[in-house]
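Structural overview for review
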Amino acid sequence: MHERGGDGERNGINRRSWLKALGVAGVTGLAGCSGDDGNASTGTESATATDGSELGTAEGTNTAMDELPDVSGTYRTDISGSLATLNPLYNNEQGAADVVSYALDLGYGFRPGTEYFPQLYDLTTDGGDVWVASVREGLQFGGDYGEVTAEDFVYQITELHQSDWAATADASSWPSEVNVEQTGTYEFQIELPNPNPLYPETYDPLLYPVPKALLEPFVGEQDAQGLENNPELTELQFVEGGNLGAYSLDQWNRSSNITFTRNENYYLREAEDVPDRFGNAPYFEELEVQVTQEQAARLGALEAGQTDSVAVPPNRVTEFDGMDGVDVYQIPQPFNEVCVYNMRDNGWNAGPGNLFQKKKFRQGLGCAVNKQALVQGVFRDYAQVQYTWQPQWSQWYPDESEIMQFGTGDLYGPEATRSRIREAISDTDYSYGNDGQLLTPSGDQVELSLYHSAGQNTERNMAQYIAQEFGDNAGIQVNVQAIDGTQFTNNYWQQQVPDDPDQYEWSNGPYNAGPREVTSANPWDMSVVFGLNTYPLNPTTASVFFSRDSSYNPYGYYPSWNAEELFQRANSAASEEELQPIFTEIFKNVAEDQPMGMLAFPADTVGYSAGIVGPAENFFSGWDFPTWYRNE
């Protein structure tokens, strides 16, 4: 998930289980993450047409260069908040992951056209059930840790991620059913319980390299806390002097800035299977990440030419794109804008029961918000309407005739809304009054809370629009409330883990600590604080959002359709052809069941200094960040 941090502020909370389960943007758009919050948004159908360009094409990405760029100057970018840790084994914060990426590559990435891009290792398979990872030779850790080999990766997986004590960020990607074995100095094998032709697209096999020798003392003692706080990991000391990243971390001043210098030993310079322009990468002498909390200050720095990339809020895009020294890019991203209903026992604080638990009631709410008007009015057309759990530019997006389009056409307006709500409350003591208000059994108008992140103008505007539409079309009074994102996470979004979790059918951590009777510390009704990842490269990863007992169900959703069976079928599919009808069935069910109010897909709108060569308006912008340069 990511917290919508403000106009142009992306304060992503999750990196791997959540970045995988909640986000891919950090992997694909590293260089663009200059504080975008996902409020920066996406064009409507007219502004951001779905013509396939969102995924880009591989064509042109290997274009030979007559002359490599000169190395010069400093690349500067701004982020809105300080970082807690850079430990690649435990970090779950997207902004920190982006910073780590400057000095430490992940195993692989994707380039335009969804083409696999091997960095540290290649992944190949014959049937989708056994994948062979071939580690690139010549990769060097810093210090005395020597060369990266398959043994380092296998040890990390089997002794940490698959352990019952380390609780790493990647633990959920490596269940015990996945068998991992070293088969050579530079090769290891991953055997899956079921074939998965899109296994790399799940990001489950995505790893950072960490030396076995560094990990061994902590494994011997089963010291998770020591591992999480070890300065060699939290400050990336183990890569100093190595060749695993384009830049080397120089200094980390937690409250102000992070500085890097060019790594002349960067391994991809010598690689033969990458575009020529990696030949002398990177092309900046220095890189600086500035912590600038105020959006106005960040935008002012971009306008003054004091920084090279900053997220631009939707209502400022036209202004900044018209500046001589700035280019604004609309970059597709997988996070959605959702109004989440609390279906747990401390949700629906208007009266008895919890109407959010009723599918027909949720459908009624789905008819209450004009999504096209939301996209145009709040996101200034830099967004697409959302009807189901995929953006329209995804190859897996179903034929629109297959899905219900709540919030549009006949499925929008007071009659569409109230007819469904009347059906939902027919077996309760709720009712509609003569003036169109939805009344509690006591005769009072239903009043609900809707939280948004404090200080985020676009998010606040979205919440206010939802409140207005719920009032006009559903007869519900919505009280919009601002809240600090961390406070919301700790006291509202996370449940209180029970002292005796075994008494419940499941208890899977603070984001799904049990059935609906297990609740957060504070009651809440609705939230637009977080956006969630829809995984357009491999939607099977999104199963975590639609299972009662998954590791992530803060809202207490119980699907009325057999989500588990359908996602299991998707996970067992042997080909992409076999996957398409299964995904269509899944997205049809999601659209009909309305697990939450699915509203829009904003694009990242990022302003770059006009001389920066490299950014692109596709989902994979940033895959080649080490090759970016300044055209003086």
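Residues numbered from 1 in each chain as written. Predicted model: local features only at pLDDT ≥ 70, side-chain atom pairs only at ≥ 80, totals over all residues. Heavy atoms only, no water.

**Some remarks on the sheet that holds strand β8 (residues 179-184)**
Read across the sheet, four strands follow the order β6-β7-β9-β8 without closing on themselves; strand pairing throughout is antiparallel. The open sheet has two edge strands with one neighbour each: β6 (121-125) and β8. On average, adjacent strands in this sheet sit at an angle of 25° to one another, irrespective of strand direction. Two strands pair when backbone bridges link them, and β6 and strand β7 (residues 130-135) are joined in this way by five bridges, in the antiparallel orientation. Bridge pairing links threonine 125 to tryptophan 131 in β7. (Pairing = 2+ DSSP bridges. Helix = DSSP H or I, 4+ residues; strand = E, 2+ residues; numbered from the N terminus. Axes fitted to C-alpha atoms, helices over the stretch in contact; angles between N-to-C directions.)

**Digging into a negative patch on the surface**
On the surface, Asp126, Asp129, Glu181 and Glu191 cluster together into a patch of negative charge. Summarising the element assignment, aspartate 126 is placed in the loop between β6 and β7. Of the residues examined, aspartate 126 reaches a relative accessible area of 85% and is grouped as exposed. (Patch = residues over 30% accessible without salt bridge, like charges linked within 9 Å, V, L, I, M, F, W, Y side chains within 5 Å. Areas by Shrake-Rupley, 256 points an atom, 1.4 Å probe, with all protein chains shown as cover. Salt bridge = Lys/Arg side-chain N within 4 Å of Asp/Glu carboxyl O. Lys, Arg positive; Asp, Glu negative; His and termini not counted. Charge placed at Lys NZ, Arg CZ, Asp CG, Glu CD. Buried < 20%, exposed > 50% of the residue type's maximum accessible area, 1.4 Å probe, protein only.)

**Points about the environment of leucine 374**
Within the element layout of this structure, leucine 374 appears in helix α12 (residues 371-377). Taking relative accessible area as the criterion, leucine 374 reaches 0% and is therefore assigned buried. Sequence spacing of leucine 374 and histidine 161 is 213 residues, and the spatial spacing of their C-alpha atoms is 42 Å.

**Focus: the packing of helix α4 (residues 150-161) against helix α6 (residues 212-221)**
Contact geometry for α4 and α6: axes closest at 10 Å, N-to-C directions at 20°. With respect to their mutual orientation, α4 and α6 come out roughly parallel. By crossing handedness, the relation of α4 to α6 is classed as left-handed. Residue-level contacts link Glu151, Asp152, Tyr155, Gln156, Glu159 and Leu160 of α4 to Lys212, Leu215, Glu216 and Val219 of α6. Here the contact of α4 with α6 is built from residues that sort into four nonpolar, one polar and five charged. (Parallel < 35°, antiparallel > 145°, perpendicular 65-115°, else oblique. Left-handed = near helix turned anticlockwise from the far one by under 90°. Contact = heavy atoms within 4.5 Å. Nonpolar A, V, L, I, M, F, W, Y, C, P; charged D, E, K, R; others polar.)

**Here's the deal with the confidence of the model for the chain**
Looking at the chain as a whole, its pLDDT mean stands at 90, while 91% of the residues score no less than 70. Predicted confidence is poor over residues 1-51, with pLDDT under 50, and the contacts of this stretch with residues over four places away or in other chains come to 269 contacts. (pLDDT = per-residue confidence, 0-100.)

**Quick notes on the UniProt feature "domain: Solute-binding protein family" (unreviewed entry) in the chain**
On the UniProt side, "domain: Solute-binding protein family" (unreviewed entry) is annotated at positions that read residues 125-507 here. Split by type, residues 125-507 is 27% helix and 19% strand. Its first and last C-alpha atoms lie 35 Å apart. (UniProt positions renumbered as here; feature names shortened; annotations may be inferred.)

**Regarding the packing of aromatic side chains**
Enumeration over the complete set of coordinates arrives at 51 aromatic pairs. Aromatic pair phenylalanine 117 and tryptophan 623: ring centres 5.0 Å apart, planes at 80°, arrangement edge-to-face. Taken together, the positions of phenylalanine 117 in strand β5 (residues 115-118) and tryptophan 623 in the loop between β25 (612-613) and β26 (629-630) put the pair 506 residues apart, joining distant regions of the chain. Here phenylalanine 117 matches tryptophan 623 in class, with each residue buried. What links up through ring pairs into an aromatic cluster is the set Tyr75, Tyr102, Phe260, Phe284, Tyr329, Tyr608, Phe625 and Trp628. We note arginine 254 situated over the ring of tryptophan 252; from NZ or CZ to the ring centre the distance is 3.8 Å. (Phe/Tyr/Trp six-rings, centres within 6.5 Å; stacked < 30°, edge-to-face > 60°. Lys NZ or Arg CZ within 6 Å of the ring centre and 35° of its normal.)

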